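Here is what each chain is made of, one letter per residue.
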Amino acid sequence: MSPAKPPRPDGLRGLDGEEAARRLAAQGPNLLPGSAPKSLLAIVAGVMAEPMFLMLLVAGGLYLALGDRAEAAFLLSFVFVVIGITLAQERKTQRALESLRELSAPRALVIRDGRELRIPGRDVVPGDLLVLHEGDRIAADATLLDGHLDVNESLLTGEAVPATKLPGEGSDRLFASTVVTRGVGTAEVGATATATAVGRIGQALAATAEAVSGLQLASRRLIRNLTIGGLLLAAAYCLLDWFWDGRSLLESVLSGIALTMAILPEEIPVILTVFLALGAWRISKHKVLTRRVPAVEALGAITVLAVDKTGTLTQNRMQVAELAVADAAFRDEGADELPEPFHELVEFAMLATPSDPFDPMEKAIQGFGLRWLADTEHVHAEWSAEFEYGLSPDILAMTRVFQGELRTRHLLATKGAPEAVTDLCHLAPEQRAAIQREVEAMAARGLRVLGVARGEWRGRERPPSQHDFDFRFLGLIGFIDPPRPEVPAAIAECRAAGVRIIMLTGDHPATARAIACRVGLSERPEVITGPEIEMLDDAALRERMQRVDLCARVQPVQKLRLVQVLRQGGDVVAMTGDGVNDAPALKAADVGIAMGERGTDVAREAAALVLLDDSFASIVAAIRQGRRIYDNITKATRFVFAVHMPIIALALVPTMLHWPVLLMPVHIVLLELLIDPACSVVFESEPASRGSMTRPPRPASDSPFASANLWYAVLQGAGFAGILLLGHALLLGRGADPAQSRTAVFMALVLGVYLLTLANRDLSRPLLSRLSAANPWLPRMFAGVLAMLAVVIGVPFFRSVMQLAVPDLALLGACAGMLGVAAAWLEILRRTARRLKLRSLSAW
């Protein structure tokens, strides 16, 4: 719940806190039926459909058929272990996603105890007073009490044209989940949750299906192909073992199952699901809400970051800093009074502004006027505009029309872009040139400048355009919005990371240039304006944007075009936005980023990310986290493929060489219980790689499943497998029995899983150099490895089931020797790959 604002001047009190709490307890939260977390039964059913689970059941049944009850009981008991691990991972992922849904729930501005308070939409109760502004999604069915709204009700009616809402005229009903497209108003809540119109017709708006990411699609294709290949290979191996070795059919099928279990990299879906979900949760800790989890994987590939100036680079605390009239200037800082020549300028600026504004500049105008002109004849709080002309792409100015003493006489107050206002005033060229020089001088000081004019009109029929009036130019108002203190350092970090920043602003070009210089955004002085963008075709605009970082006087529809042009040029574009009209551009960007504090609900719903604090530094933190997440997915993928190679080799080669069986299904299941946590916990917790924000963005086409990454993993695992097989052969050759040799090789393989974890953490440094790096799960994993070996070798039942022996000093020495050679192989491979500069490998 956000802090309460000061008491409202209109005296509206709304519900008191105790009554609101009582109604919430009595009627329940304002929520529509949504997607429930997976049930225990659904999770168990999902596990039972997994190939690994089915193979466990088959292998257990075959052991029973062979009369090996201990092996069968041991293997089938792992069914419950697998279900338990899956439940733990599902719960962990579900908690992360629920935390994100909690943050992304709609919020509402209500009046309670006479103060405006922003609360979660679920806490809205009947009788609450809603304060509605442009872009808000209405939290509940309500009746408009005050104001004038245009509301998009297409969700209910299918009509794209907004409906006009006025109090007490039969058009005062507002419906939950519809969107305010224009105006300001106050409404009383009549119904919430399933009692609303949306609830009654069964719309489950809270249930949103999560899109499948590109990585998830690629992984599914890879696993499907590996599964088909593995099954074919296992079938051929089973038949070969049966015919060639003369073993029984059941024993040959068991060997085939062991090989299939060794081949399937079933950890990959776990990696992607857990890493992306927990990654989104970690990003939320940096004040960035992930509305669409697949956006996490795009963060590390961003090449262009297009940002609004106001509120993102600056503090969004607009203040009137300067006034300029024909022959005088006023600066607010240090002033004791407002001289008389400026009174009319401020008076008509206030008249051209709604009395309860939403826009920060309009708030600044009203605050400035009330501070300097209070208790004078220049403040007209009781006046109400008869009608008004809003901003339009053709005329960047707005006019409010007030009825005078005679019905045919009207007073006009106008404010807007200086060039638009001077155009409405039909000034002589020399006057317009003088005003333009003053505007540029103010803008060069970092001020955003508005022009103000007054006019009179006599008539009854409302003219179609502001150009049909006669205006008199009054002067200029300069606003300042100081940069956020953390922005210069964040921009420098972005530039070091190869991310180009483009400023999009509706301000004057000189203002944009002044702010850009102040925060170090760009060293290129060239600015492109909205009218210039309009005149260029896509090819020319694409070429121009290669050398321009500042876009001024930009309209929302032009933001969409800029995003499309940049993407067509091969850039991965992230864009910020806050208004209703920004939604198309946010949706078109690779990563749309909406403002959480000042953004509209429509913008937030169109975006993939939401900045909870509207800070540019939070975007940079999200990019940093995105690169870390992608790097860790790449490391975990490399580890999975590397660790499966020795398992496959130890399951396949002994049969082909007529050796005793080395790995049985029980061994492989035990190894899988070690590999899964290494993937989903150890690598997920891995800190950011050294220099992650000093390298260029990865290519958008890059993938953890790229051939260079997988081949490196295959070479790691194949070398380790060769070392283990050579060790096994030497032990057999020196007279060791199969149980002793299997024990030494199995111990080396289990400890080798930990060795491969270390080897794949950071390919830029030697294997053991990062033992001290901050990852709390590494020592826990090592302790788990030692505990597992102690149990399976030290407990007679497990030792018998797994057909192992108690190791003597010679076997321990053999195990240590194999691990030492494996560590040397991994280091030689790392250095060789570094020299060959395998560019596709992430996180060098």
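The structure presented is a predicted model; accordingly, all values stated were derived computationally and were not measured.

Colleague: Can you tell me about empty space enclosed by the protein, naming the residues and giving the values?
Modeller: Within the structure shown, the criterion is met by three cavities of 30 Å³ or more. Here the largest cavity is characterised by a volume of approximately 80 Å³. Contributing to the lining of the largest cavity are 13 residues, with Arg107, Ala108, Leu109, Leu132 and Asp136 lying nearest its centre. Of all the secondary structure elements, the ones that give two or more residues to the lining of the largest cavity are strand E1 (107–112), strand E3 (129–132) and helix H22 (601–606). By residue class, the composition of the lining of the largest cavity is seven nonpolar, no polar and six charged. Counted as a void, the second largest cavity has a volume near 60 Å³. Lining the second largest cavity we find Tyr712, Gln716, Leu758, Ala759, Asp762, Leu763, Arg765, Pro766, Leu767, Leu826, Glu827 and Arg830. Mapped onto the lining of the second largest cavity, the elements with two or more residues apiece are helix H25 (707–733), helix H26 (738–759) and helix H29 (809–836). Of all the elements, H29 adds the most residues to the lining of the second largest cavity, at three residues. For the lining of the second largest cavity, the per-class residue count stands at seven nonpolar, one polar and four charged.

Colleague: Kindly report on the environment of glutamate 597, identifying the contributing residues and their values.
Modeller: For glutamate 597, the location among the structural elements is in the loop between strand E21 (591–595) and H22. C-alpha of glutamate 597 to C-alpha of aspartate 613: the two residues are 16 residues apart in sequence and 6.2 Å apart in space. If we skip the residues at most four places from it in the chain, glutamate 597 touches Leu611, Leu612, Asp613 and Asp614.

Colleague: Summarise the sheet that holds strand E17 (residues 500–504); cite the residues concerned and give the values.
Modeller: Strand order in the open sheet formed by eight strands is E8-E22-E21-E20-E9-E17-E19-E18, with mixed pairing between adjacent strands. Sheet topology places strand E8 (288–290) and strand E18 (527–529) at the edges, where each strand pairs with a single neighbour. Put simply, the sheet's adjacent strands are angled 20 degrees from each other on average, direction ignored. Here E18 pairs with strand E19 (residues 550–552) via three bridges, running parallel. By the bridge assignment, threonine 529 is partnered in E19 with alanine 552. The strands touched by helix H17 (residues 509–519) within the sheet are E17, E18 and E19, with E19 carrying the most contacts at an inclination of about 145 degrees. Sitting on the sheet, helix H20 (residues 556–568) is in contact with strand E9 (304–308), E17, E19 and strand E20 (573–577), with an inclination near 170 degrees to E20.

Colleague: Which residues make up the packing of helix H12 (residues 343–351) against helix H13 (residues 360–373), and what are the values?
Modeller: Between H12 and H13, the least distance of the axes is 9 Å, while the angle of their chain directions is 135 degrees. One element, H12, and the other, H13, form an angle in the oblique class. Regarding H12 and H13, the two cross each other, and that crossing is left-handed. Listed contacts from H13 to His343, Val346, Glu347, Ala349 and Met350 of H12 are Ile365, Gln366, Phe368, Gly369, Leu370 and Leu373.

Rules behind the numbers
Residues numbered from 1 in each chain as written. Predicted model: local features only at pLDDT ≥ 70, side-chain atom pairs only at ≥ 80, totals over all residues. Heavy atoms only, no water. 1 Å grid on protein atoms, 1.4 Å probe; cavity = no way out; pocket = protein on both sides within 12 Å on 5 of 7 lines; lining within 4 Å. Points joined across faces, edges and corners; volume = space filled by probe spheres on them. Helix = DSSP H or I, 4+ residues; strand = E, 2+ residues; numbered from the N terminus. Nonpolar A, V, L, I, M, F, W, Y, C, P; charged D, E, K, R; others polar. Contact = heavy atoms within 4.5 Å. Pairing = 2+ DSSP bridges. Axes fitted to C-alpha atoms, helices over the stretch in contact; angles between N-to-C directions. Parallel < 35°, antiparallel > 145°, perpendicular 65-115°, else oblique. Left-handed = near helix turned anticlockwise from the far one by under 90°.

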